[in-house]
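Fold and geometry: a report
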Amino acid sequence: MPRQILVTSALPYANGPIHLGHLVEEIQTDIYVRFQRLRGNRCIYICADDTHGTAIMIRAQQEGRTPEQLIAAMSEAHQRDFAAFGVSFDHYGSTNSKANYELCCAIWSALRKASMVEAREVARLYDPKLQTFLADRFVKGECPRCGAKDQYGDSCEACGATYPATELKNPKSVYSGATPELKPSQQLFVKLTPLQNFLTQWTQQSGALQSEVANYLAGHFLDKPLQDWDVSRPAPYFGFEIPDAKGQFWYVWFDAPVGYIAATKEWCDQHGEPLDAWRRNPNCEIVQIGRAHV
């Protein structure tokens, strides 16, 4: 009996052109999809551009255009370059789409109803020159654990430690070189602590993951208590404004993973098929090829 397979690969970030890593990933995925079709299986390949975040906003400002103009130009360039290497998508979408916004709203509403969202005031690093809060990856300094220099604000590549960006020593903004200031920021968190037992059981016992992935999660993620997830950013920020929190936007890592589902929905709408036939069908295999979120 023919198999039904939904295939995705990691979403390229819209802040720059594709690079060798993207090409290796997408070409491998394209080969896999072509092979499955030659075997008589029904297989679709879905991808999209990852379009939100501070980096997009700042680059657009520097170039004198809107973020929407920037991501439209990058989407055209990405698809042109992939096509030049023979990569063929069934659908190539964008996380800055109506479908993605609607799905994010539905997921957010479910989280609210489950009492899993909590507002807190936290101190975050603020670039006084650009007048914007900085994501952890856009701050560099000395590792607070081993002292290695030129390390990102979320982890040290020298010793492997992870830490809050506020613990970096001698921090500097990646964009302006300014010394960040600590400023209070009202943030929304998704409470993950109640999910520890569920995630442990699902990753280790459901059989949904490769054994290598399940073992990695057991030893490097679920071996310690989960931390609540900061999923909002205050204006100015390029992304989706949270419908029940004016002036707050979903952090890019909230809506980017949803983009896989949204791009699939767009393909389904174009072909008159229900999304659940691909995303909630026990007989449909979902294969993620790449380095990023699923």
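Look up: the structure comes first, before these words.
Residues numbered from 1 in each chain as written. Predicted model: local features only at pLDDT ≥ 70, side-chain atom pairs only at ≥ 80, totals over all residues. Heavy atoms only, no water.

Topic: the nonpolar core
What counts is decided by this rule: Nonpolar cores were defined as sets of buried Ala, Val, Leu, Ile, Met, Phe, Trp, Tyr and Cys residues, with membership established by side-chain atoms within 4.5 Å. Exposure categories follow from relative accessible area, calculated using a 1.4 Å probe and restricted to protein chains: below 20% of the type maximum is buried, above 50% is exposed, and the middle band is partly exposed. A run of H or I in DSSP becomes a helix once it reaches four residues, and a run of E becomes a strand once it reaches two; helices and strands are each numbered from the N terminus. The contact criterion used throughout is that any non-hydrogen atoms of two residues lie within 4.5 Å.
Membership of the largest hydrophobic core comes to 27 residues, with the highest contact counts inside it found for V7, F82, F89 and W278. If you tally residues by element for this core, the top one is strand β2 (residues 42-49), at six residues. Residues contacting V7, with those up to four places away along its chain left out, are T29, Y32, V33, C43, I44, Y45, I46, V287 and I289. Listed in part, the 21 residues of the second largest apolar core include W108, V117, V190 and I242.

Topic: the pattern of salt bridges
How we decide: Salt bridges are counted wherever a side-chain nitrogen of Lys or Arg sits within 4 Å of a carboxyl oxygen of Asp or Glu.
Counted according to the given criterion, the structure contains 16 salt bridges. In this structure, R80 and D81 form a salt bridge, with 3.1 Å as the shortest nitrogen-oxygen distance. According to the relative accessible area criterion, R80 is exposed, its value standing at 52%. For K265, the salt bridge goes to D269, with nearest N and O atoms at 2.9 Å.

Quick notes on the sheet that holds strand β6 (residues 139-142)
Counted only if it meets this: Note on pairing: DSSP must find at least two bridges between two strands before they are called paired.
In spatial order, the strands read β7-β6-β8; together these three strands make up an open sheet with antiparallel pairing. In this open sheet, the two strands that pair with only one neighbour each are β7 (151-152) and β8 (169-173).

Focus: the packing of helix α4 (residues 98-113) against helix α7 (residues 252-271)
Note the following rule: Helix axes are fitted only over the stretch in contact, all axes being lines through C-alpha atoms; the angle between N-to-C directions runs from 0 to 180 degrees. Reported orientations rely on four angle classes, namely roughly parallel under 35 degrees, roughly antiparallel over 145, roughly perpendicular from 65 to 115, and oblique for the rest. Each crossing gets its handedness from the near helix: less than a right angle anticlockwise from the far helix is left-handed, clockwise is right-handed. Note that Gly is not counted as nonpolar here; it falls among the polar residues with everything else outside the nonpolar set of Ala, Val, Leu, Ile, Met, Phe, Trp, Tyr, Cys and Pro and the charged set of Asp, Glu, Lys and Arg.
As a packed pair, α4 and α7 sit with axes 8 Å apart at the nearest point and diverge in direction by 125 degrees. Considered as vectors, α4 and α7 are oriented oblique to each other. Considering how the two elements wind past one another, α4 and α7 form a crossing that is right-handed. Each of A99, N100, L103, C104, I107, W108 and L111 in α4 lies in contact with α7, whose residues at this interface are F254, D255, V258, G259, I261, A262 and E266. Grouping the amino acids of the contact of α4 with α7 by side-chain chemistry returns ten nonpolar, two polar and two charged.

Structural notes on the packing of aromatic side chains
Short version of the rule: The rule is short: rings of Phe, Tyr and Trp, with Trp giving its six-membered ring, pair when the centres are within 6.5 Å, and they are stacked under 30 degrees, edge-to-face over 60, tilted in between. Ring-over charges, as used throughout, are those where CZ of Arg or NZ of Lys falls within 6 Å of the ring centre and within 35 degrees of the ring normal.
In the structure shown here, the tally under the stated rule is 14 aromatic pairs. Between the aromatic rings of W229 and F254, the centroid separation amounts to 6.0 Å while the plane-to-plane angle is 35 degrees, which identifies the pairing as tilted. A residue pair is termed long-range when its members are at least 10 positions apart, and W229 in strand β10 (residues 229-230) and F254 in helix α7 qualify at 25 residues. The exposure class of W229 is partly exposed, given its relative accessible area of 31%. An aromatic cluster of at least three residues, connected via ring pairs, comprises Y101, W108, W229, F240, W250 and F254. A cation sits over an aromatic face here: R120 above F189, 4.5 Å from the ring centre.

What is shown is where atoms sit, not what they do.
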